[in-house]
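Architecture and fold: a report
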Amino acid sequence: MHEISVAQTIVNEILAEAERQSAAKVTRVVLELGKLTMLNFDQVSFWVSAFLEGTVGEDAEISITPVDGSVECRECKAISDVLVEDDPTLHYSVPQFTCERCGSHNTFICKGREMVIKTIRIER
Amino acid sequence: MHKVSDVKVEQDIMRINRKIASENRSFFEKNGITVFNIMGAIGSGKTCLIEHAIEELKDSYSIAVIAGDVIAQYDSDRFASHGVKVLPVSTGKECHLDAHFVEHALEHTDVKDIDILFIENVGNLICPSDFDLGEDARVVIVSVSEGDDIVLKHPVIFKLSDLTVVNKVDIAEHVGASAEKMVADAITCGCTRAIPTSCRKGEGLEEWVSFIRETLRT
Ligand SMILES: Nc1nc2c(ncn2[C@@H]2O[C@H](COP(=O)(O)OP(=O)(O)OP(=O)(O)O)[C@@H](O)[C@H]2O)c(=O)[nH]1
Ligand SMILES: [Mg+2]
Ligand SMILES: [Zn+2]
């Protein structure tokens, strides 16, 4: 639900960078978003485009690279991928945050919460 | 011809929130304040559980509460009736508190004597999990009336919390929900501690208050 404020922040940053670069147009925006953020990527893309309307970025293509989740184990320090298991009864995927090496639940998320503007493509 | 080029931006848009959160954290450390970020579903009993903790702890500790809500007045009045310092934050359209709201709420308050700060976040299991406030412990509260699938539907907030409270177990039967399942699901999601409680009947409230005591700075 905070996609709107996130999108607004992204657009502010894009326009500030475009101005620093004296860009006449921004034609492409590349974002990296973690799969463990609570963002709906389609919504972010929609609202970024919406806020770019009427600016140098109004025709920009929005490209989102999803970043997989990882956890680091507090017991053995191993880093594991966050496995996503399909739950057939819920029709929903439940991420597993367990350590792959020692099986501990005592882990913390070390990757997958990114919200990064990677690059913009500009025309001068 | 236009000159086309790709410009590296590498801007993490959460960096501002992270920066303010870490400033909040240093501020709390310096002033010896232990901070609890109380997240959870709408109407799950966040205010009731904080009120209970206040009653148990207010003779030994000086307590303040940040009541974050779309309209904060209602919960603020409830907290104020216990004689603690209340810092209302009306979030307006926002669905969560962020570090800046907290910084702002602290600006006009004398915090020197405060030991414990409870921050009641906006009722929502989605958005608050993306925003660090500078807290020492995160608590997520759900109640059986949300249905016993609610935990598995929102795994990330449980993973990111230090304690899960499954409240209103007194009415579990009436709403056909299993509190045991919800507690087990929270552990499956990677929360290290989960307790069933009832503000009505008193079940689990001792452990709730123990959690707070164990988290306090010594
Ligand atoms: N039966 C039962 N009712 C409860 C329990 N805890 C809270 N309630 C009731 O649930 C309702 C909501 O409680 P609150 O403490 O206001 O919940 P909240 O999470 O702060 O609500 P919001 O701030 O509006 O999201 C109130 O009517 C409480 O009396 C409980 O353990 N059992
Ligand atoms: Mg409340
Ligand atoms: Zn391990």
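Above this note sits the structure.
Here is a short report on the structure shown in this document. In this text the structure is predicted, and so the values were computed from the model without any measurement.

**Some details on the coordination of the magnesium ion (ligand 2)**
Residue and element names in this part refer to chain B. Here the magnesium ion (ligand 2) is held by the protein donor atoms Thr47 (OG1), Asp75 (OD) and Glu120 (OE), which lie 2.1 Å from it. For the magnesium ion (ligand 2), the single-chain donor residues occur in sequence as T-x27-D-x44-E. Here Thr47, found in helix α2 (residues 46–57), pairs with Asp75, found in helix α3 (residues 73–80); they are 28 residues apart in sequence, far enough to count as distant.

**A look at the interface of chain A and chain B**
With 35 residues of chain A at the contact, the number on the chain B side is 34 residues. The junction of chain A with chain B conceals about 3300 Å² of combined surface from both sides, 60% of it contributed by carbon and sulfur atoms. Among the salt bridges present, the one from Asp6 of chain B reaches Arg121 of chain A, with a minimum N-O distance of 2.7 Å. Across the chain A-chain B interface, the total number found is 15 residue pairs in polar contact (both at pLDDT 80 or more). Elements supplying a minimum of two residues to the side of chain A that touches chain B: α1 (3–20), β6 (92–96), β7 (107–111) and β8 (115–123) of chain A. No other element matches β8 of chain A, which puts nine residues into the side of chain A that touches chain B. Per-class residue counts for the side of chain A that touches chain B are 18 nonpolar, nine polar and eight charged.

**What to know about the layout of surface pockets**
Empty space within the largest pocket amounts to approximately 680 Å³. Forming the walls of the largest pocket are 28 residues, and the residues nearest its centre are Ile109 and Arg113 of chain A together with Asp132, Arg138 and Leu160 of chain B. When residues of the lining of the largest pocket are assigned to domains, at least three map to each of domain 1 (3–68 + 111–123) and domain 2 (70–109) of chain A.

**Regarding the site of ligand 1**
All names here are of chain B. Around ligand 1 sit 19 residues in total, of which Lys46, Thr47, Arg78, Asp170 and Cys199 are the nearest. Cys48 places a main-chain nitrogen or oxygen 2.9 Å from an oxygen atom of ligand 1. Lys168 places a polar side-chain atom, nitrogen or oxygen, 3.1 Å from an oxygen atom of ligand 1. Out of a free accessible area of 650 Å², ligand 1 has 76% covered by protein chains. Within the residue set of the shell around ligand 1, elements represented by two or more residues are α2 and α3. Considering each element in turn, the shell around ligand 1 owes the most residues, three residues, to α2.

**Comments concerning the coordination of the zinc ion (ligand 3)**
Residue and element names in this part refer to chain A. Protein coordination at the zinc ion (ligand 3): the donors are Cys73 (SG), Cys76 (SG), Cys99 (SG) and Cys102 (SG), at 2.3 to 2.4 Å from the metal. The site at the zinc ion (ligand 3) holds four donor atoms, and with the angles between them running 104 to 118 degrees, its shape is tetrahedral. Mapped onto the polypeptide sequence, the residues donating to the zinc ion (ligand 3) form the spacing pattern C-x2-C-x22-C-x2-C. Residue Cys73 is located in strand β3 (residues 70–73), and its partner Cys102 is located in the loop between β6 and β7; the two are separated by 29 residues in the primary sequence. With a relative accessible area of 1%, Cys73 lands in the buried category. Overall, the relative accessible area of 41% leaves Cys102 in the partly exposed class.

**Observations regarding α2 of chain B**
With 12 residues, α2 of chain B extends 17 Å from end C-alpha to end C-alpha; this agrees with the ideal 16 Å at 1.5 Å per step. Buried residues of α2 of chain B: Lys46, Thr47, Leu49, Ile50, Glu51, Ala53, Ile54 and Leu57 of chain B, and no others.

**Quick word on the packing of helix α1 (residues 15–30) of chain B against helix α4 (residues 99–107) of chain B**
Residue and element names in this part refer to chain B. At a minimum axis distance of 8 Å, the contact between α1 and α4 shows a crossing angle of 40 degrees. The orientation of α1 with respect to α4, classified from their angle, is oblique. Taken as a pair, α1 and α4 cross one another with a handedness that is left-handed. Contacts from Asn17, Ile20, Ala21, Glu23, Asn24, Phe27 and Phe28 of α1 reach α4 at Ala99, His100, Val102, Glu103 and Leu106. Residues belonging to the contact of α1 with α4 are distributed by class as follows: seven nonpolar, three polar and two charged.

Each value, and the rule that gives it
Residues numbered from 1 in each chain as written. Chains lettered and ligands numbered in written order. Predicted model: local features only at pLDDT ≥ 70, side-chain atom pairs only at ≥ 80, totals over all residues. Heavy atoms only, no water. Donors = N, O, S within 2.8 Å, 3.2 Å for Na, K, Ca; no water. Helix = DSSP H or I, 4+ residues; strand = E, 2+ residues; numbered from the N terminus. Contact = heavy atoms within 4.5 Å. Buried area = accessible area lost by both parts, 1.4 Å probe. Salt bridge = Lys/Arg side-chain N within 4 Å of Asp/Glu carboxyl O. Polar contact = N/O pair within 3.5 Å; in protein donor to acceptor, adjacent residues only side chain to side chain. Nonpolar A, V, L, I, M, F, W, Y, C, P; charged D, E, K, R; others polar. 1 Å grid on protein atoms, 1.4 Å probe; cavity = no way out; pocket = protein on both sides within 12 Å on 5 of 7 lines; lining within 4 Å. Points joined across faces, edges and corners; volume = space filled by probe spheres on them. Domains from an automatic or database assignment. Near = heavy atom within 4 Å. Areas by Shrake-Rupley, 256 points an atom, 1.4 Å probe, with all protein chains shown as cover. Tetrahedral: all angles 85-135°; square planar, octahedral: opposite > 155°, others 65-115°. Buried < 20%, exposed > 50% of the residue type's maximum accessible area, 1.4 Å probe, protein only. Expected span 1.5 Å × (residues − 1). Axes fitted to C-alpha atoms, helices over the stretch in contact; angles between N-to-C directions. Parallel < 35°, antiparallel > 145°, perpendicular 65-115°, else oblique. Left-handed = near helix turned anticlockwise from the far one by under 90°.

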